[in-house]
Amino acid sequence: DICKATGEFKGIKCTVKLTVINRVATVELVPSSSALVLKALGEPPRDRKKDKANEVVAVHDGDLTLDAVIDIARTMRPRSLARTLAGGVKEILG
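Reading guide: rules and limits
- Numbering of residues starts from 1 in every chain and runs along the sequence as written.
- Only residues with pLDDT of 70 or above have their local features reported here, since the model is predicted, and side-chain atom pairs are shown and tallied only from 80 upward, although totals for entire chains, interfaces and linings are computed over all residues.
- Calculation of side-chain values draws on the structure's entire complement of heavy atoms; hydrogens and water are dropped beforehand.
- A run of DSSP states H or I qualifies as a helix once it reaches four residues; a run of E qualifies as a strand once it reaches two. Both are numbered from the N-terminal end.
- Burial classes follow relative accessibility: with a 1.4 Å probe on protein chains only, a residue under 20% of its type's maximum area counts as buried, one over 50% as exposed, and anything between as partly exposed.
- The term salt bridge refers to a side-chain nitrogen of Lys or Arg lying within 4 Å of a carboxyl oxygen of Asp or Glu.
- The arc in question is traced by the directions running from the helix axis to the C-beta atoms.
- Contacts: residue pairs with any heavy atoms within 4.5 Å of one another.

## So, the environment of C3
Here is step 1: Following the sequence through the fold, C3 ends up in helix 1 (residues 2-5).
Here is step 2: Using a relative accessible area of 69% as the deciding quantity, one classes C3 as exposed.
Here is step 3: Residues C3 and V27, spaced 24 residues apart in sequence, show a C-alpha to C-alpha distance of 9.8 Å.

Structure (structure tokens):
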């Protein structure tokens, strides 16, 4: 179940919320802002074992549109400490 829920974030660390009610587990994905930014950048999936063996330092580069940053800020809105959407966008860019 966890593999199915996290399939779209392959190679990116993300938080999973497990809720167990009457011995039935439900999986909910709680992506962080960094995971959403990496997904928006279109980074290729990383194999951490190979990177660790070769001591490769991950460098992320690319361009994000303002619309993509605003979408990420809207997704992060319930967990953001900012009062306005503009403040949330600044948190993402920060």
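## Here we look at the pattern of salt bridges
Here is step 1: Scanning the entire structure with this criterion turns up 1 salt bridge.
Here is step 2: The salt bridge partner of R74 is D71, with a shortest N-O separation of 4.0 Å. Residue R74 and its partner D71 are both found in helix 4 (residues 66-75); the two are separated by 3 residues, about one turn of the helix.
Here is step 3: Classification of D71 by relative accessible area gives partly exposed; the value is 46%.

## Observations concerning helix 5 (residues 85-93)
Here is step 1: When helix 5 is considered as a whole, its buried residues turn out to be G88, V89 and I92. Along the axis of helix 5, the buried residues cluster in a sector spanning 100°; they form a single face. Within helix 5, the exposed residues directed more than 90 degrees away from the buried face are K90 and L93.
Here is step 2: In this structure, the buried residues of helix 5 make contact with helix 2 (33-41) and helix 4.

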